Amino acid sequence: MVNGQAYDYDRQLSDGIGPRLTGSDNYVHAVSWAQDQFRNLGLSNIHTESFNMAALWEPEVPATGHIIEPRNQTLHIYSAGWSPSTPDGGVTGKVVYVPQLLPIEKLEAMKEKLAGNIVLIDNTSLGEHPAIGDLIKGLTTLGTVAPQAVLLTGRANGSQNAGSLAVGGGLSKFPVAQIGLEDELLIKRLLEKGPVTIQFSFKNRIRPATEVNNVIAEIPGRDLPKEIVIVGAHLDSWHPATGAQDNGTGVATVLEVARAIKSLNRPPRRTMRFILFGGEEQGLIGSTAYAKKHAADMASIDAVLISDTGGQASKGWYLMGREDEKEALANIEPLLTGMGAGGTSTDTEFLFETDHAGFDVQGVPTLVLWNGVDKYFKLHHQASDSFDSVVQADLNQGVAVTAATAYAIADSDQPFAPHLSPTEVETMLKKANELDNYIALKSMDWVP
Ligand SMILES: [Zn+2]
């Protein structure tokens, strides 16, 4: 917390390298930068392992768009991630408002009205956490109604809130744009009075399927080197900003935990494995590929600790369905309480939203750093996710919590927590009310 380098690591990554869309030139630069850092720290077994991305995507010409009927007005508009470019000359069409993507019967009933038009989806109608299976059915149905394009809503003041309607690193079937919240509200008011026609265009640079790298490095364990504690975070980011908190702070945490523990000259009993994943923002692609490739080694992974909720001070750890971990953490609770982070959250809202998921569903005990998110959620995936938003003392506290927890687990006489059998995983997911989401995500290869 005093001499930590996390703040400087994040500055090098976010200011120095910049936005890191999976597989982009900046991403590739970040991969070699991360390997250099691990090398400078004297870590062992530094290497990359690749995963496949169905396509690489970057904006090439920024989006422009206007309402042209009933009157002219410029829109705050952006291409969604992994959207194809608009055709030459752009997209021009009537807007049809879809108040409800779900249930799909209602969407199907609108089929004729939607075909060939620009479909404006009310994001709020999906609810905070729609069932993933239903959402996929809704999006698949949307594909079959053959819209000319789809409009999603962003946040207030036209700020870009990067996201994607495509899954698995592939492209959406039709151009998808995001407009500002006020633009959506205006279009809806205009639609109450009569037809609304809009025009927009953007060009994205799309490259075909390719291999992209995760970065791995280790501190070998002092007497149980075959048992592994993983500390990880995703290296990729969205493009509107430099991803200083999503997930620069997570990457900086992984590097600083490695630096701090290596500098002790007393490795813990178990091997510490540091992993920076890619493709997280397109659906956990890098971590899922890793967890699948190493499926036979899951029994040797004692715990997986992930940081991916920004750089506000940590309150403790998300247990993500593993309530038994509360007991496992009790041993080090006084240490964490001393840093203001003795809490555990059993909230399963984010169960499938970051890189622990591929391990969690294979029965490996996992923890996700539980940070305050009130400031983070206002900048996450937006232009304001830049280095100036990072508070050094808060970042250092989260790093210290991660380092202390990881070291204690890796140095313990006992394994951290039991590995669950597939049946026990199902029981856990059922109890967390997440079994249906798991089945839907598994069918899409989102998790192993
Ligand atoms: Zn993230």
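Since the structure is predicted, the reported quantities are computational estimates derived from the model, not experimental observations. (Residues numbered from 1 in each chain as written. Predicted model: local features only at pLDDT ≥ 70, side-chain atom pairs only at ≥ 80, totals over all residues. Heavy atoms only, no water.)

Caption draft 1: The arrangement of the overall build of the protein chain in detail. In terms of helices and strands, the protein chain carries 14 helices and 14 strands. By the compact-globule yardstick of 22 Å for 448 residues, the protein chain fits well, its C-alpha radius of gyration being 22 Å. In terms of overall dimensions, the protein chain has C-alpha extents of about 70 × 45 × 40 Å along its principal axes. Here the protein chain holds 448 residues, and the buried ones make up 56% of them. (Helix = DSSP H or I, 4+ residues; strand = E, 2+ residues; numbered from the N terminus. Rg over C-alpha atoms; globule rule 2.2 N^0.38 Å. Buried < 20%, exposed > 50% of the residue type's maximum accessible area, 1.4 Å probe, protein only.)

Caption draft 2: Molecular detail of the domain arrangement of the protein chain. For the protein chain, the domain assignment lists domain 1 (6-54 + 210-443) and domain 2 (58-205). Taken together, the contact between domain 1 and domain 2 spans 21 residues of the former and 18 residues of the latter. The interface formed by domain 1 and domain 2 includes zero salt bridges. Summed over the shared surface of domain 1 and domain 2, the result is five residue pairs in polar contact (both at pLDDT 80 or more). Broken down by secondary-structure element, the contributors of at least two residues to the side of domain 1 that touches domain 2 are strand E1 (44-69) and helix H14 (435-443). Sorting elements by how many residues they give to the side of domain 1 that touches domain 2 places H14 first, with three residues. Partitioning the side of domain 1 that touches domain 2 into residue classes produces ten nonpolar, eight polar and three charged. (Domains from an automatic or database assignment. Contact = heavy atoms within 4.5 Å. Salt bridge = Lys/Arg side-chain N within 4 Å of Asp/Glu carboxyl O. Polar contact = N/O pair within 3.5 Å; in protein donor to acceptor, adjacent residues only side chain to side chain. Nonpolar A, V, L, I, M, F, W, Y, C, P; charged D, E, K, R; others polar.)

Caption draft 3: Here's a closer look at the pattern of salt bridges. For the coordinates displayed, the defined rule picks out 18 salt bridges. Residue Arg-269 pairs with Asp-223 through a salt bridge whose shortest N-O separation is 3.0 Å. Of this pair, Arg-269 sits in the loop between helix H7 (244-263) and strand E10 (270-277) while Asp-223 sits in the loop between strand E8 (197-219) and strand E9 (224-234), and the two are 46 residues apart along the sequence. On the basis of relative accessibility, which here comes to 17%, the residue Arg-269 falls in the buried class. The network of salt bridges with shared partners includes Glu-58, Arg-205 and Arg-207.

Caption draft 4: Region of the structure containing the packing of aromatic side chains. A complete count under the given rule lists 14 aromatic pairs for this structure. With a centroid separation of 6.5 Å and an interplanar angle of 35°, the aromatic rings of Phe-38 and Phe-274 are classed as tilted. One end of the pair, Phe-38, is in helix H2 (residues 25-41); the other, Phe-274, is in strand E10, with 236 residues separating them in the sequence. The structure contains a cluster of three or more aromatic residues connected by ring pairs, namely Tyr-318, Phe-350, Trp-370, Tyr-376 and Phe-377. (Phe/Tyr/Trp six-rings, centres within 6.5 Å; stacked < 30°, edge-to-face > 60°.)

Caption draft 5: Region of interest: the coordination of the zinc ion. Coordination of the zinc ion by the protein is provided by His-234 (NE2), Asp-246 (OD) and Asp-308 (OD), with metal-donor distances spanning 2.0 to 2.2 Å. Binding-site remark: the zinc ion is held by donors from one chain whose sequence spacing is H-x11-D-x61-D. One end of the pair, His-234, is in strand E9; the other, Asp-308, is in the loop between strand E11 (301-306) and strand E12 (314-318), with 74 residues separating them in the sequence. Its relative accessible area of 0% is what places His-234 among the buried residues. (Donors = N, O, S within 2.8 Å, 3.2 Å for Na, K, Ca; no water.)

Caption draft 6: Just unusual backbone geometry, in detail. In the segment running from Glu-69 into Pro-70, the intervening peptide bond is cis, with an omega of 15°. Within the element layout of this structure, Pro-70 appears in the loop between E1 and strand E2 (73-74). Asp-246 connects to Asn-247 through a cis peptide bond whose omega is 10°. If you check the backbone angles, Trp-82 has positive phi at about 50° while not being a glycine. As for its position among the elements, Trp-82 is in the loop between strand E3 (77-79) and strand E4 (91-98). Since its relative accessible area comes to 1%, Trp-82 is described here as buried. Of note in this structure, Asn-157 is not a glycine but carries a positive phi near 60°. Tracing the backbone through its elements, the reader meets Asn-157 in the loop between strand E6 (149-153) and strand E7 (176-179). A relative accessible area of 64% means that Asn-157 is categorised as exposed.

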